[in-house]
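In case you want the letters, here they are:
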Amino acid sequence: MIIDDSLKKDKDIVMAAVTTYGPSLEYADDSLKKDKDIVMTAVAQSGEALEYADLSLRGDLEVVLTAVDDSTSAFQYASESLRTDKESTLKVTKEEPLSMAFASDELKKDKNFVLEVLDQSWDSYGAFQHVDHSLKSDEEVVLKAIDSSSSAFKYADSSLSRP
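Residues numbered from 1 in each chain as written. Predicted model: local features only at pLDDT ≥ 70, side-chain atom pairs only at ≥ 80, totals over all residues. Heavy atoms only, no water.

Q: Outline helix 5 (residues 61-70), listing residues and values.
A: Every buried residue of helix 5 is accounted for by Val 63, Val 64, Ala 67 and Val 68. Projected down its long axis, helix 5 carries its buried residues within an arc of 130°, all on one side. For helix 5, the N-terminal capping position is held by Asp 60, with its side-chain oxygen 2.9 Å away from the main-chain nitrogen of Glu 62. (Buried < 20%, exposed > 50% of the residue type's maximum accessible area, 1.4 Å probe, protein only. Helix = DSSP H or I, 4+ residues; strand = E, 2+ residues; numbered from the N terminus. Arc of directions from axis to C-beta. Polar contact = N/O pair within 3.5 Å; in protein donor to acceptor, adjacent residues only side chain to side chain.)

Rendered as structure tokens:
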């Protein structure tokens, strides 16, 4: 279905569309993909709509937290600068620990950061499975993970298993 360009630029039409189905943001005019009200409505309806937001809003922590609240995987669409920022990623993983899957590789390898994530996480199992493999054999990290969820041991390096 082809949408008339004038409708793609009409804020009321686009707002109605994203209220019903957030990912319809994909078809909005680029100017409306920069409109925070439109984008917040879209990502609140479906976190996956973050993929279609302007990069400037994919770097806005409020927008990203709203998206992640709906869909853990929405963090993959956050700006690289947000996914590499310790403070922002810590806030996101506090809300949705599985979002650790989309944190930067640098953060997944940062022992102090990972310990902080695990310390504040309501789901250490979800966060721990996505940390760098090098930390899955670190006894301190593993103990922190299993402290709140013994199931996290499933993702520990086999070198920690006892015969």
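Q: Before we move on, could you go through the pattern of salt bridges and cite the residues and values that matter?
A: Taken as a whole and assessed by the stated rule, the structure comprises nine salt bridges. Between Asp 60 and Lys 36 there is a salt bridge, and its shortest N-O distance comes to 3.0 Å. In this pair, Asp 60 is assigned in the loop between helix 4 (55-58) and helix 5 and Lys 36 in helix 3 (residues 36-45), connecting sequence segments 24 residues apart. Looking at Lys 36, the relative accessible area reads 30%, which means it is partly exposed. Two residues, Glu 140 and Lys 111, come together in a salt bridge whose shortest N-O distance is 3.0 Å. Taken together, the residues Glu 140 in helix 11 (residues 139-148) and Lys 111 in helix 9 (residues 111-120) connect sequence positions 29 residues apart. Residue classification places Glu 140 among the partly exposed residues on the basis of a relative accessible area of 45%. For Lys 111, a relative accessible area of 28% corresponds to the partly exposed category. Taken together, the salt bridges that share partners define one network made up of Lys 36, Asp 60 and Glu 62. (Salt bridge = Lys/Arg side-chain N within 4 Å of Asp/Glu carboxyl O.)

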